[in-house]
Amino acid sequence: FSEAVSSKDPTPGGGGVSAAVGALAASLGEMVTNLTFGKKKYLEYTFELTDIRKELEILRINLLGCINKDAQAFEPLAKVYALPKDSEGYEEKMEECLRKAAEPPFLILKYAARIIELDERLGQIGSKLAVSDAATSVMLAHGVLYAAYVNVLVNTRLMKDRDQADYLNEESVKILDEYSVMALNIYDDICKRLTE
């Protein structure tokens, strides 16, 4: 995958990489649950940890799917970019392709936000031996927020439907603002507890 990213092919690119990193963030969260199960100190959280693990597994699978979704959405857009701007139906094709290309990174952004929420709880109820992995997960998801956001912007900036573009931009900024701060707070809290 890293070799494919390094090539001159445009996919997998930033969108696909952010999805892959998001999947790894979810994987680390799953690992925290697995390392916590069965420990006497955390038995009261077994059902909650089971639910968190299940949701993180779904997020991981969905994010891995977004690697292909992002590449598939970019392919027709690249073809439209290659057309002469005065060709028949150019603007309509471009608009449709831009709208579709903005969808995977917007979805990745939302998935990353949810991982951050789940990491917050894992930082509280996860085994202390694995809590550094929750902190690593939350910072990977933090990076994914920014990567996904810029991949939304690169598509919405050219959209003629400014209502749709503004909606995606505004929703993305809301998620970015709220969850980037949350992620840093979770990370700082875990680091403090590890140095006590």
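Above: the structure in question.
The structure reproduced in this document is the subject of the present report. Computed from a predicted model, the values in this text were never measured in an experiment.

Positionally, L64 belongs in helix 3 (residues 46–81). Taking relative accessible area as the criterion, L64 reaches 41% and is therefore assigned partly exposed. In this structure, the C-alpha to C-alpha distance between L64 and K8, residues 56 residues apart in sequence, is 22 Å.

In this section: helix 6 (residues 162–194). Since there are 3.6 residues in each turn of an α-helix, residues three or four apart along the chain are aligned in direction. If you check helix 6, its first and last C-alpha atoms are 47 Å apart, about what 33 residues at 1.5 Å a residue would give, namely 48 Å. Every buried residue belonging to helix 6 is among A165, L168, N169, S172, I175, L176, Y179, S180, M182, A183, I186 and I190, and all of these are buried. In the core, the buried residues of helix 6 are packed alongside helix 4 (90–125) and helix 5 (131–156). Measuring from the backbone nitrogen of D163 back to the side-chain oxygen at the start of helix 6 gives 3.3 Å, which picks out D161 as the cap.

In this section: the packing of helix 4 against helix 6. Helix-helix packing is described using two parameters, namely the angle between the two axes and the distance between the axes. Packing of helix 4 against helix 6 brings their axes to within 9 Å, and their N-to-C directions diverge by 25°. In terms of orientation, helix 4 lies roughly parallel with respect to helix 6. Considering the relative orientation of helix 4 and helix 6, their crossing is left-handed. Contact residues: A102, F106, L109, K110, A113, I116, E117, D119, E120, G123 and Q124 in helix 4; L168, E171, S172, I175, Y179, M182, A183, I186, I190 and R193 in helix 6. Per-class residue counts for the contact of helix 4 with helix 6 are 12 nonpolar, three polar and six charged.

Looking now at helix 3. In a regular helix each residue adds 1.5 Å, so 36 residues correspond to 52 Å; helix 3 covers 52 Å between its end C-alpha atoms and thus fits that length. The largest bend in helix 3 comes to about 25°, at I67. Among all positions of helix 3, only L49, I52, L56, L59, L63, C66, I67, D70, A73, L77 and V80 are buried. Contacts made by the buried residues of helix 3 are with helix 2 (14–36), helix 4 and helix 5.

Next up on the list: unusual backbone geometry. Note the cis peptide between T11 and P12, where omega equals -5°. Note on placement: P12 falls in the loop between helix 1 (2–6) and helix 2.

Inspection of every chain in the model, using the stated rule, returns 11 salt bridges. R114 is the partner of E55 in a salt bridge, and the nearest nitrogen-oxygen pair spans 2.6 Å. Of the two residues, E55 sits in helix 3 while R114 sits in helix 4, which places them 59 residues apart along the sequence. Judged by its relative accessible area of 27%, E55 falls in the partly exposed class.

The next point concerns the side chain of S18. Topologically, S18 is positioned in helix 2. Side-chain polar atoms of S18 contact the backbone oxygen of G15, separated by 2.7 Å. Setting aside residues no more than four positions away along its own chain, S18 makes contact with I108, V144, A147 and A148.

Next up on the list: the nonpolar core. Residues L56, I115, I116 and L145 are the most contacted members of the largest nonpolar core, which totals 44 residues. Where this core is concerned, the elements lending two or more residues are helix 2, helix 3, helix 4, helix 5 and helix 6. Ignoring anything within four residues of it in the chain, the contact list for L145 reads L109, A112, A113, I116, I175, L176, Y179 and S180. Judged by nonpolar contacts, the second largest core, of 10 residues, contains L77, Y90, C97 and A101.

Moving on, we get to the packing of helix 2 against helix 3. Contact pair helix 2 / helix 3: the axes reach a minimum separation of 8 Å and the direction vectors enclose 165°. Put simply, helix 2 runs roughly antiparallel to helix 3. Crossing of helix 2 over helix 3 shows left-handed handedness. Class assignment of the residues belonging to the contact of helix 2 with helix 3 gives a composition of 12 nonpolar, eight polar and five charged.

The rules we used
Residues numbered from 1 in each chain as written. Predicted model: local features only at pLDDT ≥ 70, side-chain atom pairs only at ≥ 80, totals over all residues. Heavy atoms only, no water. Helix = DSSP H or I, 4+ residues; strand = E, 2+ residues; numbered from the N terminus. Buried < 20%, exposed > 50% of the residue type's maximum accessible area, 1.4 Å probe, protein only. Expected span 1.5 Å × (residues − 1). Contact = heavy atoms within 4.5 Å. Polar contact = N/O pair within 3.5 Å; in protein donor to acceptor, adjacent residues only side chain to side chain. Axes fitted to C-alpha atoms, helices over the stretch in contact; angles between N-to-C directions. Parallel < 35°, antiparallel > 145°, perpendicular 65-115°, else oblique. Left-handed = near helix turned anticlockwise from the far one by under 90°. Nonpolar A, V, L, I, M, F, W, Y, C, P; charged D, E, K, R; others polar. Bend = angle between axes of the 7 residues up to and from the residue. Salt bridge = Lys/Arg side-chain N within 4 Å of Asp/Glu carboxyl O. Core = buried A, V, L, I, M, F, W, Y, C linked by side-chain atoms within 4.5 Å.

Any functional reading would require information that these geometric values do not contain.
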